[in-house]
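Below are the chains, spelled out letter by letter.
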Amino acid sequence: MSTQPAMINRYRWYELLGIYAGIFAFLTFILAPFVEGFLVSLKPLSQLFSSPYRFIPQNGSFEAYRTMWVSVPGFARYIFNSFFISTIVTAVVLMLVVPAAYAFARFKFKGSGQLLGAFLAVNMFSGAVLLIPLFRLMRTFGVLNTYFAIIVPGVAFLIPSAIWLLRTYMMRIPRELDEAAFVDGASHFYTLRRVILPIAMPGITVVAITTFIGSYAQQFIYALTFNSKTEYAPLPVGLFAYFGRQEVIWNELMAASFVGIAPAMIVIFFLQRYLVSGLTAGAVKQ
Amino acid sequence: MGQLNLNKVQKFYGTFEVLKGIELEVRNGEFVVFVGPSGCGKSTLLRMIAGLDETSTGDIMIDGKRVNDLPPVKRGIAMVFQSYALYPHMTVFENIAFPLRVEKMPEEKLKAKVENAARILHLEQRLQQKPGLLSGGQRQRVAIGRAIVREPKIFLFDEPLSNLDAALRADMRIELAKLHKQLKATMIYVTHDQVEAMTMADRIVVLNAGEISQTGAPLELYHKPANMFVAGFIGNPRMNMLPVVCKAAGDGGVEVEYKGQSVTIPVGGRPGLVGQPLTLGVRPEHIHIGKSDLSMTVVPSVIERLGAHTVAYASLDGESENFCAMLPGSAAIRADEVVPIGIAATDCHLFDASGVALERRVELTDIDMGLLKIGGG
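These remarks concern the structure in this document.

### Some words on the sheet that holds strand β20 (residues 339-343) of chain B
Either a parallel or an antiparallel arrangement is found when strands of a sheet pair, and the pairing is made through backbone hydrogen bonds. Residues and elements named next belong to chain B. Taken in spatial order, the 3 strands make up an open sheet running β15-β20-β16, and their pairing is antiparallel. Pairing within the sheet leaves two strands with one partner each, and these edge strands are β15 (287-289) and β16 (294-298). Here the strands of the sheet are splayed against their neighbours by 35 degrees on average, with no regard to which way each runs.

Here it is, written out as structure tokens:
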């Protein structure tokens, strides 16, 4: 009599080999630039243009991670700016998006569908198209060369996708929870704060992470357009300082890139513990 | 107090009339069950009483006060949902305490109330656990605890046991009945399960297509259904319906003919019945093997042996519906073999062409209470 469990050995060996080969190829494609970048950061500048080219550094060291601070003395400020701008953008987006997503998920009001559609349409615009009108706006309000000029467009562009993401998540939270709270006398705000927010934490974390990363990535275009002062410039602008007139200090540039994304990685690392699923277990009978 | 009055309550979704002018009085301390098939409007009616759905027209009165425009919390009701609706991130204590936290009750008083509710519901050992760790029955008890602490005038239950398995449902039915005795509160309970309705209700309200089909005590509905819908809905297996023709109506009852046999059913007559087609109703548990006032033979096609009872299904000539008989567990019958059966005239129901019952001349006090144990699920 066969005792083979149903769910084990679903694939034959060659199917598994194919799946793993696919995953390996995909990861190689994604990670290769990062690995190469890291290897470059370990190489002395002289080795970078050697012929034949060597991927593995000879006498590799972390020297570039020290000299990068000397070559561009204000680099710490760029990192701080990026981190600060992304943190503020994320905080503002969350403050606006959580109640908005709750409203879109729970309440029927005139034009809600159109409004959601409009948000999606805004996201379809390339940011570059709006740079000149935004520049004129910023100039009119006299906020060029301030943090404000980088933060506000960042918030505006990141809100629509965040609302869609969180609304979808909140719609999966059983409506009976709101109704039970309503019957017990809770206001909508109280229900949102005490019932929905804790349950929606994984969704909010995803929004926080994507907003933080989105902000980190898109600061570049606003910073170059609306800001010309070093003191407000974020990391991507700072990295340009390694492009000299005569040469590009590639190893330091790569080292600076890795150092620059470290704070974002740390934030994501700490946020991901809220990404636990199954938080609604036991809420309602499914 | 917890008196509820519904005055011509209507509910429209667009132009579709879901509830068609409901008139009902629920007395203080009464346990009333709304029962009916899916889509009959029973849950909608409960949600309107709760204040979760708006009332299109008519008045909802609690203790003489119109509450149509009041939010749920100001109506003095508490509701237990079918799906429990527990807050998964909170402990059992915090779940039960939730309504008290909303009203900012002092901690000491709050603790005493929650612990009292937990004692009533045997949840003392579970107070620090989260709902995810509890069984279905315990979760539903937590949901009931959340209602108890508010000391509402009226408890509303929306099919609270339908997610539990059969054994647990039976236990919870008993616990709810005890709770009602203990709290002496008005309770309104929605279910599609007639066993829940029959066993727990002081009074049952049978709803059909947005209208009240009949209101009455469980035994009253069982023995004196007002129409064919209630007769078919209350009782399991369903009442058998046979087409008959009225031959005479007099003081002794209404004489009908079924396939050449005449039988006088002790029901109140009414003018103009003679010659009219009527429907004779007989419950499966009132069919006996052997001869009686109305006798016939059937050939059962399916026989279900349930231990205490044997349920036999047969097709009668000319009728598409299955004819069902509930016989003793040891009944000596076999599938596809002829069985002689008899029906006593006093057990029969009679309905006119529009499905309205002719009133049976039975006193409810004369009825064998043991019959009610039949059915169940």
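### A closer look at the sheet that holds strand β17 (residues 300-305) of chain B
All names here are of chain B. Read across the open sheet, the 3 strands follow the order β17-β18-β19; overall the sheet is antiparallel. Among the strands making up the open sheet, the edge pair consists of β17 and β19 (322-328). Strand-to-strand, the axes of this sheet are offset by a mean angle of 20 degrees, without reference to chain direction. Bridge count for strand β18 (residues 309-315) against β19 is 7 bridges, and the pairing is antiparallel. Each bridged residue has a counterpart across the sheet, and for His309 the counterpart in β19 is Pro328.

### Considerations on the packing of aromatic side chains
On inspection of all chains with the given rule, the structure shows 26 aromatic pairs over all chains. Here A:Phe84 and A:Tyr147 contribute two aromatic rings whose centre-to-centre distance is 4.8 Å and whose plane-to-plane angle is 55 degrees, an arrangement assigned as tilted. With A:Phe84 in helix α3 (residues 75-106) and A:Tyr147 in helix α6 (residues 147-171), this residue pair connects regions lying 63 residues apart in the sequence. Judged by its relative accessible area of 28%, A:Phe84 is partly exposed. Ring-pair connections join several aromatic residues into one group, and the members of that group are A:Phe38, A:Phe62, A:Tyr65 and A:Phe258. For B:Arg146, the ring lying beneath its charged end belongs to B:Tyr87, and the centroid distance is 4.8 Å. The cationic tip of B:Arg283 hangs over the ring face of B:Tyr222; the distance from NZ or CZ to the ring centre is 4.3 Å.

### Overview of helix α6 (residues 166-183) of chain B
All names here are of chain B. Along its 18 residues, α6 runs 25 Å from first to last C-alpha, staying within 8% of the 26 Å computed at 1.5 Å per residue. For α6, every residue scored as buried is listed here: Arg169, Met172, Arg173, Leu176, Leu179 and His180. The buried side chains of α6 occupy one side of the element, clustering within an arc of 130 degrees when seen end-on. Residues Ala167, Ile174, Lys178 and Lys181 are exposed on α6 and point more than 90 degrees away from its buried face. Contacts made by the buried residues of α6 are with β3 (31-35), α4 (107-120), α5 (136-148), β7 (154-158), β8 (186-191) and α7 (194-200). Just past α6, the residue Lys184 takes up positive phi, approximately 55 degrees.

Parameters at a glance
Residues numbered from 1 in each chain as written. Chains lettered and ligands numbered in written order. Predicted model: local features only at pLDDT ≥ 70, side-chain atom pairs only at ≥ 80, totals over all residues. Heavy atoms only, no water. Pairing = 2+ DSSP bridges. Helix = DSSP H or I, 4+ residues; strand = E, 2+ residues; numbered from the N terminus. Axes fitted to C-alpha atoms, helices over the stretch in contact; angles between N-to-C directions. Phe/Tyr/Trp six-rings, centres within 6.5 Å; stacked < 30°, edge-to-face > 60°. Buried < 20%, exposed > 50% of the residue type's maximum accessible area, 1.4 Å probe, protein only. Lys NZ or Arg CZ within 6 Å of the ring centre and 35° of its normal. Expected span 1.5 Å × (residues − 1). Arc of directions from axis to C-beta. Contact = heavy atoms within 4.5 Å.

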